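# Remarks on the overall topology
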Amino acid sequence: MKTTKLLFMLFVMISLQITSQEKNAPLIDRDIFFGNPEIASGQLSPDGQWISFQKEYNGILNVWVKKFDEPFEKAKPLTNNERPLGGYFWTHDSKYILFVKDNKGDENYNIYAVNPKDEAVKETGVPVSKNLSPMKDVRVVIYQVSKKDPNIMMVGINDRDKAWHDLYKLNIATGKLDLLFENKNRITGWDFDWDEKPRLAYRTNEQGFSEILRIDGDNKFTKIYETNLQESAYIAGWNKDNTNTYLVSNKGDVNFSTLYSFDPQTEKVEKIESDPKNKVDFGGLFIDDNTREILYTSYTYDKRERLWKNKEWNKMFKHLQNKFKGKEIGFVSFTKDYNKMLISVSGDKYASETYLYDRDTKKITHQYTPRPRLKEVEKYLATMEPISFKSSDGLEIPGYLTIPFGAKKENLPLVVLVHGGPKGPRDYWGYNSYAQMLANRGYAVLQPNFRASGGYGKSFLNAGDREWGKKMQDDVTWGVKHLVAEGIVDKDRVAIMGGSYGGYATLAGLAFTPEVYTCGVDIVGPSNLFTLLESIPAYWEAFRKSLYEMTGDPETEEGKKLIREASPLFSAHKITKPLLIIQGANDPRVKQAESDQIVVSMRDSGKEVEYLLADDEGHGFRKPNNRMAMWVTTEKFLAKHLGGRYQETMSEEVAKRLKEITQDVSKVVYKKAETVEVPSALPVLNNDLKEGTHQYDITIAVQGQNIPMQATRTIKKEGKQLVITDASISAMGNNEEIIYLENMVAVKRIIKQGGQTIEVNYAPEKVSVTMMGKTKDFPVDGALLTSGAGYDMLIARFPLAEGYKTSFYNLDVMTQKLKTMKLEVVGKEEGKWKVKIVNAENEKEETILMIDPVIKLATYLEQVVPAMGNAKITSTLKN
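To keep things clear, this report deals only with the structure shown in the data block. Keep in mind that this is a model prediction, so the values were computed, not measured.

So, on to the pairing of strand β18 (residues 245-249). The side chains of a regular strand alternate between both faces of the sheet. Among the 5 residues that make up β18, 5 are buried, leaving the element largely enclosed by the rest of the structure. Here β18 shows two buried faces, one formed by Thr245, Leu247 and Ser249 and the other by Tyr246 and Val248. Alignment of strand β17 (residues 233-238) against β18, held across 5 bridges, turns out to be antiparallel. Each residue of the ladder has a partner; that of glycine 237, found in β18, is tyrosine 246.

With that settled, consider the packing of aromatic side chains. Applying the stated criterion across every chain, the model contains 36 aromatic pairs. Taking the centre distance of 6.3 Å and the plane angle of 50 degrees together, the rings of tryptophan 190 and phenylalanine 221 count as tilted. Taken together, the residues span a long stretch of sequence, with tryptophan 190 in strand β13 (residues 187-192) and phenylalanine 221 in strand β16 (residues 220-227) at a distance of 31 residues. Its relative accessible area of 9% is what places tryptophan 190 among the buried residues. For phenylalanine 221, a relative accessible area of 22% translates into the label partly exposed. Aromatic ring contacts, followed pair by pair, group Phe286, Tyr296, Trp308, Trp313, Phe317, Phe331, Phe334 and Tyr338 into a single cluster. Stacked on the ring of tryptophan 429, the Lys or Arg lysine 303 has its end atom at 4.1 Å from the ring centre. For the cation-ring pair, lysine 828 lies above tryptophan 833, with the distance from its terminal atom to the ring centre recorded as 4.3 Å.

Judged from the 7 bridges that link them, strand β47 (residues 842-852) and strand β48 (residues 857-865) form a sheet pairing that is antiparallel. Looking across to β48, one finds that isoleucine 851 is bridged to alanine 858. For β48 and strand β49 (residues 871-877), the ladder comprises 6 bridges, and the chain directions are antiparallel. Residue pairing for β49: tyrosine 860 is matched across the bridge by threonine 876.

Further remarks concern the pattern of salt bridges. Summed over the entire model, instances satisfying the criterion amount to 53 salt bridges. Taking the shortest distance from any N to any O, the salt bridge between glutamate 635 and arginine 30 comes out at 2.6 Å. Of this pair, glutamate 635 sits in helix α13 (residues 624-642) while arginine 30 sits in helix α2 (residues 30-34); the two residues are 605 residues apart in sequence, bridging distant segments of the chain. Both residues of the pair, glutamate 635 and arginine 30, count as buried. In this structure, aspartate 688 and lysine 856 form a salt bridge, with 2.9 Å as the shortest nitrogen-oxygen distance. Placement of the pair is aspartate 688 in the loop between α14 (652-661) and β36 (692-702) and lysine 856 in the loop between β47 and β48, with a sequence separation of 168 residues. Taking the relative accessible area as the measure of exposure, aspartate 688 reaches 31% and is therefore partly exposed. Note on lysine 856: relative accessible area 22%, which makes it partly exposed.

Attention shifts here to α14. Inspection of α14 places Val654, Arg657, Leu658 and Ile661 among the buried residues, and these make up the whole buried set. For α14, the angular spread of the buried residues around the axis is 105 degrees, confining them to a single face. Along α14, exposed side chains directed more than 90 degrees from the buried face belong to Glu652, Lys656 and Lys659. Those residues of α14 hidden inside the fold are in contact with β35 (609-614) and α13.

What follows deals with the sheet that holds strand β30 (residues 412-418). In spatial order, the strands read β28-β29-β31-β30-β32-β33-β34-β35; together these 8 strands make up an open sheet with mixed pairing. Across the chains shown, the open sheet's two edge strands, defined by having one partner strand only, are β28 (384-390) and β35. Neighbour to neighbour, the strand axes of the sheet diverge by 20 degrees on average, direction disregarded. Bridge analysis of β30 against strand β32 (residues 489-499) gives 6 bridges, and the strand direction is parallel.

Procedures and definitions
Residues numbered from 1 in each chain as written. Predicted model: local features only at pLDDT ≥ 70, side-chain atom pairs only at ≥ 80, totals over all residues. Heavy atoms only, no water. Buried < 20%, exposed > 50% of the residue type's maximum accessible area, 1.4 Å probe, protein only. Helix = DSSP H or I, 4+ residues; strand = E, 2+ residues; numbered from the N terminus. Pairing = 2+ DSSP bridges. Phe/Tyr/Trp six-rings, centres within 6.5 Å; stacked < 30°, edge-to-face > 60°. Lys NZ or Arg CZ within 6 Å of the ring centre and 35° of its normal. Salt bridge = Lys/Arg side-chain N within 4 Å of Asp/Glu carboxyl O. Arc of directions from axis to C-beta. Contact = heavy atoms within 4.5 Å. Axes fitted to C-alpha atoms, helices over the stretch in contact; angles between N-to-C directions.

Here's what the structure looks like:
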């Protein structure tokens, strides 16, 4: 009896110990959450012969490919990019993989093509990817990829006008671009029917209203539908015979967006369906490209639900649901006949897995688990719960709450994780690496879908207009108050964190409601809405009025008042809690100046502020070492102020990168854009250039590589003109530039590079650039100096002296921008003038010339080119 009792007590003690161990989740390595997945983004080639995917190559996620029936170990890399790609896809004939790539996060995308059958180049280990749009500071958009002729794409290019994209037909095999439509009509997009004919165009008018236009011939458009700034509409597809479109709209007195049948000829609109529960917007529809029938429509409540229209597909989906109970099933990729497909299986507390499903055999085959190490610890992942609460004005705010594994809902530290946007995006139920990482460190995580979040109807969406820092911020604040009132959260341990608008909300929370928060983490968030609106990219022009509708119009006194009140910078003196700021130097949306401003303001007010600034990132951190360094700092910062757990270990590479991007806030300087007076003309230059030849050694240092080049300069007379030719030879190809001078004034420039010839003609008060068959004029109201061949020879004939300063305009042909350049003689070294030339709008763009006053040319040149990823070009005169 005693023995039995002892055994029972021992059993209870062991059980309690096991239960205690289960309740205390181990500290999961941050690399499991944020390191590169082993395999991700799988796609079937349309012909079913290949499976492509993304996998680490040289430390960065790149595209790989394998034959369908080969193991993943037999795959070969196809790309060697220095930044993770946003995505990729196959052409319909399975001949090419296409992807877009920008430069260090500047969001100026070029299109690339790679043939999976090509052999790898020895130097890179991958086949050559062909840049189909080799232009700098140009954002290329893809409108359509042909299935009838898979070698053809319809693309938009904003080289002529940065605000608007012209329509081109692009030949993938040759790279040939044919201009189809010069966009002087404020066109923002095109819609092609099943026969791939452009039938409709989207336009934004001067009021910011959106229009759908019927194309009635060459440059003939008829407006058939219009929505104002509070409404939205788009074409989701065409019916089987191309007579009607599927229109999704919330125009008029419709709150939840609805699916309609819309005849573009008669303009007749008939309702098909809207949310049967009358709670959310129409979500989407999935159309079979072969039968042209709708297979399902979907709506997203707390979770997504599908309404099946096809019995066979519905039966198949139920079969998959039975196989993977309690998990979300997503369709990832299909063969062109839809017989084989890749499906994803995931959930809020489950590591995602990818399977191949064969519709003919009904066989389900596991393909890969993107994060197998996460799979090993998924029993410690936290549950994401849908919640809702009332805001300051009684509006019901939906969201999600994640409680740490094994923790009681009682007196927990909280991180409020605010999504970006703000208008349109929302948070969704499912696995979220940020939420899981924070929960594992001991924090409850609140993700509020504040007013202006998408999917909850037009009224909810527009309720955020001109409410930045006001009711939109209340929605976040009242979420915290709700959790505190429920006893779930400790009011003295609350952090706010987010990226983009979420970063703004962090700054606003600390500035406008400092009593609510213990600390904040701002990731690429704007602090001054004036400078945010001033710095939006040109290609956002169609979006400008909508942005003003959200924030206030800076061109009106009322708007200025709203913007100033909503800008955290002007209330920075109210910030009393510690702040961590994270910024990408190349961010085209939230400029570095935004973060510099708030850092300087807080530092000068004696407030605690930390600052990470990555020179190779844009709107958020995407490179693995940068992302990991960001989380090392974020973890440590939150642990310091909220008392959560913190992983102290990191790799040597991450430690090195963290040191590089951590800024000494005492040295951060915010400089307002300088107003530079440009003289009406250049100084008169001595016409004493002599015929001859010079040789140069050139090195381009970019992204860790040193690319050597040799260049030859030839100067000769042709009648009244002096002709200077710079010809260079390198592994990247041969380039040539020619300048024609009359009385030391440029009259023409010819640039030959990358298979293109660009001609620049100079006239009084005007420069004309002819490129790809088009000519664009640039008015000039002051001194202009041409760059390129002979640039240093012209500068050598300025009246150089100690302290000499001047300025001039310079046309950057590739970006098609007229830049203001400042020139200063900063000293004399070994008998040569040291001349510094800086772009007044971007001081990172700098050229140093060592000018020999005797031979009147530069013996050495050093140039930093931000448009080439801060490439450093050096040139040394050999003779």
